[in-house]
Every structure is written in C-alpha cells, then in structure tokens.
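So you can see what is in the structure, the chains are spelled out below.
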Amino acid sequence: MRSYLTDRFFALFGLCQLLGTFSLIEHRLLIPYLLTWPAAILILWLDWRTMPGKKDFVFSMDFPHKIESGRSIVIKLTIKTRKLYLRRQKIILQLPKSNLLRFDVPTIEMVITSNRTITKNLIAKAATLGFEEWYSLDVSAFSYLRSWVREIPADIATNQFRVFPIRSKTSPQVFTEIARNQRVFQTGSRRILRGREASQFHSIRDYQYPDSIRYIDAKKTARYQRLMTRVYDSQLTHQLVIGLDVGRSLMGEIAGSAKHDYYISACLALTENALQSHDKVSFFAFSQRVHHLIRATQKFGPFLSLYRGAPELSPREEESNYNTFVSGIQQLAPQRSLVLLLTDFSKPSVQNSLLPALSVLSQKHLVVVAGVIDQNFDLTDSILDFSGDLDSNKYSHLLYNYWLDERIRSFQFQAAKFGVGTVLVHEKDWMNVVIRLYSLMRTSIRM
C-alpha cells in the first residue's frame with residue numbers, strides 16, 4: 001500500500017510557481033506567493049487524512065453457479081465502506097487479470113457518496129476452461145480534494161470459480177451414437193445380473209415382517225435357530241465409480257482449453273447428478289499408479305479437490321497402466337457397480353492397452369468408456385469441411401483421419417463384445433453426452 005501525489009496537485013503547484021515567477025517582476029505578488037507554501041502544506045496534510053485505508057473497504061464477488069465457456073456472465077460486485085470523509089470518495093478498481101474471463105472494461109471508476117453497501121454488475125465472457133482463484137483487487141482511492149491517491153490491494157471475500165464446457169444442443173448424430181450403444185448397455189446389464197437379482201447381496205439379519213419369505217436363508221436359519229433373511233442393495237441406489245486417466249492421452253488442448261479440464265468438468269457433473277439421485281460415488285485418477293482416490297460417498301465435500309483442480313489431477317508425460325485401473329475398481333467396488341472411464345481412446349496406444357482391462361471388468365460391472373475427440377481428427381467433419389482443394393498436407397491429414405476412424409470403430413466393436421459401451425464426441429456435445437450416458441447406465445442396470 002503506497003500513497004503519492006496526483007496530477008491535479010502538480011497542476012496547481014505549477015500555477016503557484018508561475019505566480020512566483022511573476023512576483024519577480026511585480027513585487028506586490030511576492031507575499032501572496034510566499035503564503036501559498038504554508039497554505040499548500042496545510043491543505044496537503046488535511047487532505048491526506050481523508051484517504052481511506054485497507055480496512056475501510058470490504059469487497060466480495062458473487063459468481064454464477066455454473067459458468068460455461070463462450071457465454072457472457074454477470075458477476076455481482078459488493079462494496080462495503082467503513083469510513084468515509086465528507087461523503088465524497090472517488091475510487092478506481094483495477095479488475096484482476098484473468099486467464100479464464102474477459103472483461104468488457106479493465107477498470108471501473110466510481111464516486112462513493114455514502115457509507116453503505118454498494119453493488120455493481122460486472123460483465124465478462126468465459127473464454128477458457130479451468131479453475132481460478134482471485135485474492136485481491138487493486139484499488140486506487142483518492143483523497144477528498146483528489147490531491148492524493150493511495151493504491152490498496154483489497155482482499156476479496158468470495159474468489160473461487162470454475163469455467164465448464166458449454167452445454168449446447170446435442171447434434172442428431174450424437175444421439176444416434178448413444179442409441180447404438182444403448183443396446184450394448186442392456187447387454188452389459190444382463191451379463192452382471194445373471195444371478196437373477198436386480199440387487200447384489202449385502203448382509204444377513206433377523207427376519208422382520210413384512211420381509212419377503214423368498215429371501216429367507218435356510219442354512220443361517222438352521223444354524224441360529226431363528227429366521228434369518230438376506231438383505232440386498234436397493235434397486236434405486238447404485239455406486240458410480242469414475243476412473244480418470246491422467247496419463248499422456250490427456251495432454252494437449254482442444255478448442256483453446258486444456259484437454260484435461262473437459263474431463264474434470266465431466267467428473268464434477270457426473271458426481272453432482274449421481275448424488276442428486278442418491279447414489280454413492282467413488283473416484284480415482286491414475287496413470288502408472290493411483291494419484292488421487294475418493295472412496296464411496298454421498299457427499300460432495302470430498303470432490304472439492306476436483307473443483308479446485310488439485311495438482312495430482314494434472315496429466316503426466318507417461319503412458320497409463322490400465323492394470324492400475326482394474327485394481328482400483330476392485331478396491332473401490334467389491335459389489336457390482338456402474339463404472340465410467342474417462343480417457344481419450346481415440347489414441348491407438350490407449351486402445352491396445354485398454355481392451356484387456358475391459359474384458360476383466362465387464363464380467364462383473366457395467367462399464368462405459370467416454371472421451372472427447374478433437375474436431376480436426378474427426379473423419380466426418382473433415383469430409384463435410386472439404387472445400388475441393390487437396391494438397392499433400394490436406395491429403396495426408398485426411399488419410400490419417402480415415403485410418404484413425406477405422407481404428408476407433410474396431411476398438412468399439414471389440415469393446416462391444418465384452419458388453420462395454422464406448423462413446424467419443426466433440427467438445428460442444430461433451431457435457432450433455434456424459435449426463436445422458438449416466439442416465440442410460442442407471443436405467444440399464446435395473447433391467
């Protein structure tokens with residue numbers, strides 16, 4: 001926090017010096033000129049006392065609950081003043097330099113005329129995905145006569161927000177893809193429900209009317225000489241296990257944003273929807289080993305580390321070991337569960353390593369693999385955007401997209417044999433699709 005004199009003071013000081021110059025010619029002006037010095041010092045001292053300090057302002061910002069990339073938002077800025085001299089205080093707010101938001105104007109100038117709470121709406125556009133935390137605002141507070149200005153780093157009470165991918169209207173092609181995989185989900189549900197029970201065994205307890213007699217355990221009843229009944233998980237309550245691949249496949253950018261921020265946003269959206277459905281949610285991030293783990297819970301608190309973008313969720317320059325994914329599922333989900341793996345399976349290296357892990361997990365769990373594909377590597381979009389000009393670079397890119405599309409389809413066909421659903425979509429459809437997938441998984445597992 002520092003204070004300095006303004007241009008207004010130096011302009012008045014220049015006029016006084018001009019008066020002093022004229023006093024050399026006209027001696028009658030000498031006394032008035034000499035009197036300007038003590039008057040100026042007194043005025044400066046009195047005016048300096050009217051400047052507020054760091055504790056005289058309290059700032060808070062109210063961000064929207066969901067900030068989506070590409071959309072304009074309104075941030076509510078609240079200013080509480082504690083001390084105001086002569087009810088006339090000019091301040092200039094320097095808005096924080098954000099990597100995620102773009103403000104219409106970088107500074108805000110206002111005159112506070114009373115000791116009260118002031119609110120102001122700030123218009124910003126969300127440009128990039130990610131999490132950000134603001135600690136302070138740079139405030140320039142002027143004295144009453146505005147001969148002094150003090151720069152104050154004012155703390156912000158509410159200062160955390162995350163920008164999520166946009167939830168635009170999903171294209172018909174994506175719904176076609178989901179409908180094609182819906183049959184796979186039903187096949188997978190029949191695989192894990194071969195025990196003829198829609199719920200898995202949980203425990204044994206004493207029989208209590210009106211328990212169904214079909215669940216009475218004959219062996220335990222004979223052993224304990226009283227009626228004992230088997231208890232199963234509720235059909236309406238499931239466990240969702242989210243596996244996030246933080247290996248090399250999640251490095252890079254899509255549409256100007258870090259690729260892994262798309263996947264973290266999907267994890268948060270899935271968690272929120274699962275908790276609203278009264279399901280338990282487990283989470284773990286892995287590459288060569290498990291980097292972050294959250295055991296089954298029905299509270300959102302443990303997932304705040306995802307919201308804040310914990311360092312262990314950042315992608316690493318290493319190939320992922322999907323045996324780690326299998327062991328993580330076995331540790332978190334001993335009973336049948338909904339398993340959703342988020343990884344970029346458009347990478348051929350991921351496809352080759354992932355299939356053996358899917359064959360193991362699909363025998364017990366309903367497994368779905370979802371990923372985001374860069375629009376530049378989508379064969380359908382490459383053909384639709386073809387303008388007729390085809391040089392060697394464009395031909396090579398188109399040929400690579402054709403080869404990649406064949407590899408993706410082959411992987412999806414192999415995964416379907418195990419009863420595993422696979423969906424690969426563009427970033428604009430990503431958030432809608434993962435929520436739709438979760439709904440389909442819950443519906444399928446009850447069939």
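Refer to the structure above for everything that follows.
Anyway, here's the lowdown on the structure attached to this text. What you see is a predicted model, and the numbers here were worked out from it, not measured in a lab.

## What to know about the packing of aromatic side chains
Then step 1. Scanning the entire structure with this criterion turns up 16 aromatic pairs.
Then step 2. Aromatic pair F131 and Y307: ring centres 5.7 Å apart, planes at 70 degrees, arrangement edge-to-face. Here Y307 lies in helix α6 (residues 304–307) and F131 lies in strand β9 (residues 130–133), a separation of 176 residues in the sequence.
Then step 3. Every member of this aromatic cluster is reached through a ring pair, and the members are F9, F10, F13 and W37.

## Some points on the sheet that holds strand β12 (residues 160–164)
Then step 1. Strands sit in the order β3-β12-β9 across an open sheet of three strands; the sheet is mixed. The strands lining the two open edges of the sheet, one partner per strand, are β3 (67–68) and β9.
Then step 2. Examined bridge by bridge, β3 and β12 share two bridges and lie parallel to one another. Residue pairing in the sheet places E68 in a bridge with F164 of β12.
Then step 3. Against the sheet, helix α5 (residues 259–276) makes contact with β9 and β12, and its axis sits at roughly 105 degrees relative to β12, the strand it touches most.

## Considerations on the environment of G247
Then step 1. Looking at the secondary structure, you find G247 in the loop between β15 (239–245) and β16 (253–254).
Then step 2. Residue G247 is classed as buried on the basis of its relative accessible area of 0%.
Then step 3. Between the C-alpha atom of G247 and that of F286, which follows or precedes it by 39 residues, the distance is 7.3 Å.
Then step 4. Those residues in contact with G247 that sit more than four places away from it in its chain are F286, S287, P315, R316, E318 and S320.

## Concerning helix α7 (residues 322–332)
Then step 1. All buried positions along α7 are accounted for by Y322, T324, F325, V326, G328, I329 and L332.
Then step 2. Considering only its buried residues, α7 is in contact with β15, β18 (280–286), β19 (290–297), β20 (338–342) and α8 (348–361).
Then step 3. Where α7 begins, one side-chain oxygen reaches toward the backbone nitrogen of N323, 3.1 Å away; that side chain belongs to N321.

## Quick look at the pattern of salt bridges
Then step 1. Within this structure, the stated rule accounts for 12 salt bridges.
Then step 2. The shortest N-O distance in the salt bridge between D261 and R162 comes to 3.6 Å. Of this pair, D261 sits in helix α5 while R162 sits in strand β12, and the two are 99 residues apart along the sequence. R162 matches D261 in its accessibility class, with the two residues each being buried.
Then step 3. Here R409 and D405 are joined by a salt bridge, their closest N and O atoms 3.0 Å apart. Taken as a pair, R409 and D405 lie in helix α10 (residues 392–417) at a separation of four residues, close to a single helical turn.
Then step 4. With relative accessibility at 18%, the residue D405 sits in the buried group.
Then step 5. Here the residues in one salt-bridge network are R248, E317 and E319, joined through shared partners.

## With respect to the side chain of S140
Then step 1. Inspection of the secondary structure assignment puts S140 in strand β10 (residues 136–142).
Then step 2. Judged by its relative accessible area of 19%, S140 falls in the buried class.
Then step 3. Aside from chain neighbours lying at most four places away, what touches S140 is K90, I91, I92, V149, R150 and E151.

## Here we look at the sheet that holds strand β22 (residues 421–425)
Strand pairing in a sheet takes place through backbone hydrogen bonds and is either antiparallel or parallel in direction.
Then step 1. Strand order across the open sheet formed by six strands is β19-β18-β15-β20-β21-β22, with mixed pairing between neighbours. For this open sheet the edge positions go to β19 and β22, each flanked by a neighbour on one side alone. Each adjacent strand pair in this sheet contributes to an overall mean axis angle of 15 degrees, direction not counted.
Then step 2. Sitting on the sheet, α5 is in contact with β15, β18, β19, β20 and β21 (366–372), with an inclination near 175 degrees to β15.

## Some remarks on a nonpolar patch on the surface
Then step 1. Taken together, L12, L15, L18, F22, L24 and I25 make up a surface patch of nonpolar side chains, about 670 Å² in accessible area.
Then step 2. Counting through the fold element by element, L18 comes out in helix α1 (residues 7–23).
Then step 3. Residue class for L18 comes out partly exposed when judged on its relative accessible area of 42%.

## Here's the deal with the nonpolar core
Then step 1. Counting residues in hydrophobic clusters, the biggest one holds 74 residues, and the most contacted among them are L244, F283, L342 and W430.
Then step 2. Examining the composition of this core, we find that 10 residues originate from one element, α5, more than from any other.
Then step 3. In this view, L342 contacts I242, G243, L244, D245, Y263, A266, C267, L270, A370 and W430; residues no more than four positions away in its chain are not counted.
Then step 4. By size, the runner-up hydrophobic cluster in this structure holds 26 residues, among which are V326, L341, I373 and L404.

Conventions used here
Residues numbered from 1 in each chain as written. Predicted model: local features only at pLDDT ≥ 70, side-chain atom pairs only at ≥ 80, totals over all residues. Heavy atoms only, no water. Phe/Tyr/Trp six-rings, centres within 6.5 Å; stacked < 30°, edge-to-face > 60°. Helix = DSSP H or I, 4+ residues; strand = E, 2+ residues; numbered from the N terminus. Pairing = 2+ DSSP bridges. Contact = heavy atoms within 4.5 Å. Axes fitted to C-alpha atoms, helices over the stretch in contact; angles between N-to-C directions. Buried < 20%, exposed > 50% of the residue type's maximum accessible area, 1.4 Å probe, protein only. Polar contact = N/O pair within 3.5 Å; in protein donor to acceptor, adjacent residues only side chain to side chain. Salt bridge = Lys/Arg side-chain N within 4 Å of Asp/Glu carboxyl O. Patch = residues over 30% accessible without salt bridge, like charges linked within 9 Å, V, L, I, M, F, W, Y side chains within 5 Å. Areas by Shrake-Rupley, 256 points an atom, 1.4 Å probe, with all protein chains shown as cover. Core = buried A, V, L, I, M, F, W, Y, C linked by side-chain atoms within 4.5 Å.

In short, geometric facts, not functional conclusions.
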